[in-house]
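Secondary and tertiary structure notes
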Amino acid sequence: MSMAEDAVRTEAVRPHHTLWGDAFIRLRRNRLAVIGGILVLLIALAAIFVPIFSPYGFAQQNLDAIREGPSWSHPFGTDELGRDVFTRLFAGARTSLMVGIFTQVIVLAIGLPIGAAAAYAGGRADNLIMRFVDVMYAFPDILLIILIRAILGGSIYMIFLAIGLVAWVSVARLVRGQILSLKQRDFATAAKAMGAPGRYIVWRHLLPNSLGPIIVLVTFGIPRAIFAEAALSYIGIGIKPPTPSWGTMIRDGYDLIFSAPHLVLFPAIALGILMLAFTFLGDGLRDALDPRLRR
Amino acid sequence: MLKYTVRRSFWIIIVLLAVAFITFSLMHLVPGGPWDREKELAPQVVENLNKKYGLDKSFFEQFGNYLWGILHGDLGMSYTYQDRDVTDIILQGLPKTAALGVAAFLLAILIGIPLGMAAALRQNSIIDYISVFFSTLFASIPGFVLGIFLIIIFSVTFHLLPTGGWGSPKQFLMPAFALGALPAAYIARITRASILEVSRQDYIRTARAKGLRERVVMFRHILRNALIPVLTIAGPELAFLISGSFIIETLFSIPGIGRLFVQGVFQRDYGLIMGAILFYAFAIAIVNLIVDLLYAVVDPRIRYE
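Keep in mind that what you see is a predicted model, and the values were worked out from it rather than measured.

What follows deals with the overall build of chain A. The number of helices and strands found in chain A is twelve helices and zero strands. For chain A, the succession of helices and strands along the chain, N to C, is α-α-α-α-α-α-α-α-α-α-α-α. For 295 residues, the compact-globule estimate of 2.2 N^0.38 gives 19 Å, and chain A exceeds it by more than 25% at 24 Å. For the C-alpha atoms alone, the extent of chain A along its principal axes is close to 85 × 60 × 30 Å.

And the structure:
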């Protein structure tokens with residue numbers, strides 16, 4: 001058998017690797033990322049099902065059971081209005097997860113086109129957009145969210161929008177940088193040489209190739225948005241009651257911290273765990289999607 | 001270097017002008033006015049108040065007046081505290097916010113860098129594992145959540161420290177740690193990764209091969225190069241720390257600028273909101289400028305022209 005045939009044979013035996021398949025394998029080997037992913041999944045499932053199957057409504061008051069500590073009928077106790085903390089906690093998880101996901105949808109809807117447009121237009125338009133992004137970066141972000149929230153009002157959708165309107169800049173900056181560097185690559189030149197229009201090249205070649213870093217940024221954006229909402233609700237200008245939010249629960253429970261610390265402790269732990277989970281997942285995704293680590 | 005500093009400073013002024021303009025425009029979009037009270041004021045009173053504060057003028061005239069005031073160190077009047085202007089209020093909050101920020105930052109550096117160094121020097125030892133565990137944990141938990149845990153442990157359970165307030169060193173401990181822990185953890189992670197990366201470079205092998213003492217290699221060759229990426233993230237981290245201080249101030253009832261801002265939002269105190277945002281933006285810009293200039297000191301390859 002000749003060497004050439006040998007090479008062909010080993011080539012055929014070698015399993016087929018795609019970038020995403022490779023990334024998934026690497027993600028699975030990362031213990032912290034797996035823990036993070038499982039936690040996110042568990043919290044999401046609990047957020048969906050606990051409020052459905054709980055014998056108590058999240059706003060249901062029982063004035064005979066006020067500020068009770070943990071017990072069999074109320075595993076996390078009850079609050080100052082006799083509401084079941086366990087049910088409220090997972091109803092609050094719904095709010096937090098919704099904030100995390102929908103703000104990132106808004107962030108992508110604004111950041112992707114603007115970043116792509118800046119990179120592809122180049123010249124003066126690019127300069128103008130990026131200077132505006134610089135100005136946005138100069139703002140203390142959470143204070144700007146508070147100000148925009150004051151304009152938009154207190155519905156939950158407006159809170160998504162307020163956070164999204166501030167957070168899109170990092171996606172725009174990333175997309176622009178990615179596209180500028182990918183634009184120089186051979187496959188982009190080839191597409192251009194074959195007469196593909198600019199918009200087609202951006203959507204078909206450049207954006208899909210910069211998907212990895214974008215996914216990582218969005219994964220890190222989720223806990224930041226969740227925290228922003230909790231902070232807003234904590235200072236009293238976030239989600240309006242009766243919609244449960246961990247920030248509001250901490251705020252309401254704080255006055256009773258000496259007599260009933262569980263009212264603050266459980267939502268604080270929940271917030272910490274959810275942020276930890278998303279950060280672990282984001283770290284894992286960053287390592288997994290880094291093409292330099294690809295074998 | 002000087003030319004660069006001047007150019008950057010000029011750019012900072014333009015950015016701050018833009019920040020002021022955007023904030024000013026946004027505030028005019030906020031529904032309701034500063035005179036909305038539970039009990040409605042008489043129209044004549046509102047008119048007189050508007051006149052007193054110049055709110056009856058056109059938008060651009062108001063903005064122009066505001067900028068003119070800033071040039072004279074006057075950030076305008078507070079609408080809530082009738083007898084004091086915003087400059088006064090901010091100057092009163094500044095020492096608290098600054099002390100908290102500086103303490104948290106020092107904590108971040110003094111814990112973060114040695115922790116990262118210790119972990120990198122004894123890679124895969126028990127010290128490394130403990131250091132990585134804590135830095136991974138604290139890098140993901142916001143200071144606000146950590147602050148609540150601290151209060152529950154040290155105030156509620158053991159009655160060692162007061163839950164908040166300002167004035168005694170005891171009241172200072174928890175907020176400074178809550179604010180500094182996250183950047184400390186982050187800096188420790190970057191320091192560790194960076195030292196491990198630098199240690200594998202050829203010039204480190206050369207340094208060892210020519211018989212330099214280990215301490216010289218460590219400090220002059222490894223650490224100096226490893227700190228450049230640490231500096232890169234120190235800037236944004238510090239900015240994050242500055243804007244995150246408002247919620248720590250609120251949690252621990254510290255009468256700093258952040259807490260004043262929160263009160264200003266509730267009372268629609270435009271003057272105070274504007275002043276606080278400008279103050280934070282200014283602080284962040286200055287911090288970033290300092291970090292950029294420090295680059296040139298740490299890394300002689302960087303020359304600003």
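This brings us to the overall build of chain B. Secondary structure assignment for chain B yields eleven helices and zero strands. The secondary structure elements of chain B, listed N-terminal to C-terminal, are α-α-α-α-α-α-α-α-α-α-α. Taking the principal axes of its C-alpha atoms as reference, chain B extends roughly 85 × 55 × 30 Å. Here chain B holds 305 residues, and the buried ones make up 36% of them.

With that out of the way, let us pick up the interface of chain B and chain A. Contact residues are listed per partner, giving 32 residues for chain B and 29 residues for chain A. Those elements giving two or more residues to the side of chain B that touches chain A turn out to be α1 (2-29), α6 (143-157), α9 (214-251), α10 (257-266) and α11 (270-298) of chain B.

In this section: helix α3 (residues 59-71) of chain B. Its 13 residues give α3(B) an end-to-end C-alpha distance of 19 Å, which sits within 8% of 18 Å, the value for a rise of 1.5 Å per residue. Backbone geometry just after α3(B) places Gly73(B) at a positive phi near 70 degrees.

Tracing the chain through its elements places His221(B) in helix α9. Sequence separation between His221(B) and Ile195(B) is 26 residues; the distance between their C-alpha atoms is 10 Å.

This part is about the domain arrangement of chain B. All names here are of chain B. Domain annotation for chain B reports domain 1 (2-71) and domain 2 (87-298). Between the C-alpha centres of domain 1 and domain 2 the distance comes to 33 Å. Taken together, the contact between domain 1 and domain 2 spans 15 residues of the former and twelve residues of the latter. Residue classes in the side of domain 1 that touches domain 2 are distributed as nine nonpolar, four polar and two charged.

We now examine α1(B). Residues that lie three or four places apart on an α-helix share one face, since the helix turns once every 3.6 residues. With 28 residues, α1(B) ought to run about 40 Å at 1.5 Å a step, and its terminal C-alpha atoms sit 41 Å apart, in line with that. Taken residue by residue, α1(B) has Val15(B), Val19(B) and Thr23(B) as its buried positions. Considering only its buried residues, α1(B) is in contact with α5 (123-138) and α6 (141-152) of chain A together with α11 of chain B.

On to the packing of α9(B) against α10(B), then. A pair of packed helices is characterised by two quantities: the angle between their axes and the separation of those axes. Residue and element names in this part refer to chain B. Running from N to C, α9 and α10 cross one another at 85 degrees; their axes reach a closest spacing of 7 Å. Comparing the axis directions of α9 and α10 gives the class roughly perpendicular. Along its contact with α9, which presents Ser245, Phe246, Glu249 and Thr250, the element α10 presents Gly258, Arg259, Phe261 and Val262. The class makeup of the residues in the contact of α9 with α10 is three nonpolar, three polar and two charged.

Let us look at the environment of Leu32(A). All names here are of chain A. Mapped onto the elements, Leu32 comes out in helix α3 (residues 31-53). Looking at Leu32, the number of C-beta atoms within 10 Å reads 16, which means it is partly exposed. Between the alpha carbons of Leu32 and Thr279 there is a distance of 9.5 Å; along the sequence they are 247 residues apart. Residue contacts for Leu32: discarding those within four places in its chain leaves Phe280, Asp283 and Gly284.

Residues Leu143(A), Ile145(A), Ala231(A) and Ala276(B) are the most contacted members of the largest nonpolar core, which totals 155 residues. When residues of this core are assigned to their parent elements, the largest contribution, 17 residues, is made by helix α12 (residues 262-289) of chain A.

Another aspect to go through is the confidence of the model for chain B. For chain B, the average pLDDT comes to 83, and 94% of its residues sit at 70 or higher. The ipTM value of the predicted complex is 0.83, and its pTM value is 0.85.

With that settled, the discussion passes to the packing of helix α4 (residues 86-121) of chain B against α10(B). Residues and elements named next belong to chain B. Their axes nearest at 7 Å, the elements α4 and α10 cross at an angle of 135 degrees. With respect to α10, the element α4 is oriented oblique. The segment α4 lies against α10, with Ile89, Ile90, Gly93, Leu94 and Thr97 engaging Ile257, Gly258 and Leu260. Looking at the contact of α4 with α10 residue by residue, the classes come out as five nonpolar, three polar and no charged.

A few words on unusual backbone geometry. All names here are of chain B. One non-glycine residue, Asn124, lies in positive phi territory at about 65 degrees. Positive phi is not limited to glycine here, since His159 has a value of about 50 degrees. Mapped onto the secondary structure, His159 falls in the loop between α6 and α7 (169-199). On the basis of neighbour count, His159 is assigned to the exposed category, with 9 C-beta atoms found within 10 Å.

Right, let's talk about the environment of Ala234(B) for a bit. Mapped onto the elements, Ala234(B) comes out in helix α9. Considering only alpha carbons, one finds Ala234(B) and Arg215(B), 19 residues apart in sequence, at a separation of 25 Å.

A few words on the confidence of the model for chain A. Overall, the predicted model of chain A reaches an average pLDDT of 83, with 91% of residues at or above 70. Here helix α1 (residues 3-13) of chain A stands out as the element of chain A with the lowest mean pLDDT, 56, in contrast to helix α4 (residues 85-121) of chain A, whose mean of 90 is the highest.

What counts and what doesn't
- Residues numbered from 1 in each chain as written.
- Chains lettered and ligands numbered in written order.
- Predicted model: local features only at pLDDT ≥ 70, side-chain atom pairs only at ≥ 80, totals over all residues.
- Helix = DSSP H or I, 4+ residues; strand = E, 2+ residues; numbered from the N terminus.
- Rg over C-alpha atoms; globule rule 2.2 N^0.38 Å.
- Buried ≥ 20, exposed ≤ 12 C-beta atoms within 10 Å, placed from the backbone.
- Contact = placed C-beta atoms within 7 Å.
- Expected span 1.5 Å × (residues − 1).
- Domains from an automatic or database assignment.
- Nonpolar A, V, L, I, M, F, W, Y, C, P; charged D, E, K, R; others polar.
- Axes fitted to C-alpha atoms, helices over the stretch in contact; angles between N-to-C directions.
- Parallel < 35°, antiparallel > 145°, perpendicular 65-115°, else oblique.
- Core = buried A, V, L, I, M, F, W, Y, C linked by C-beta atoms within 7 Å.
- pLDDT = per-residue confidence, 0-100.

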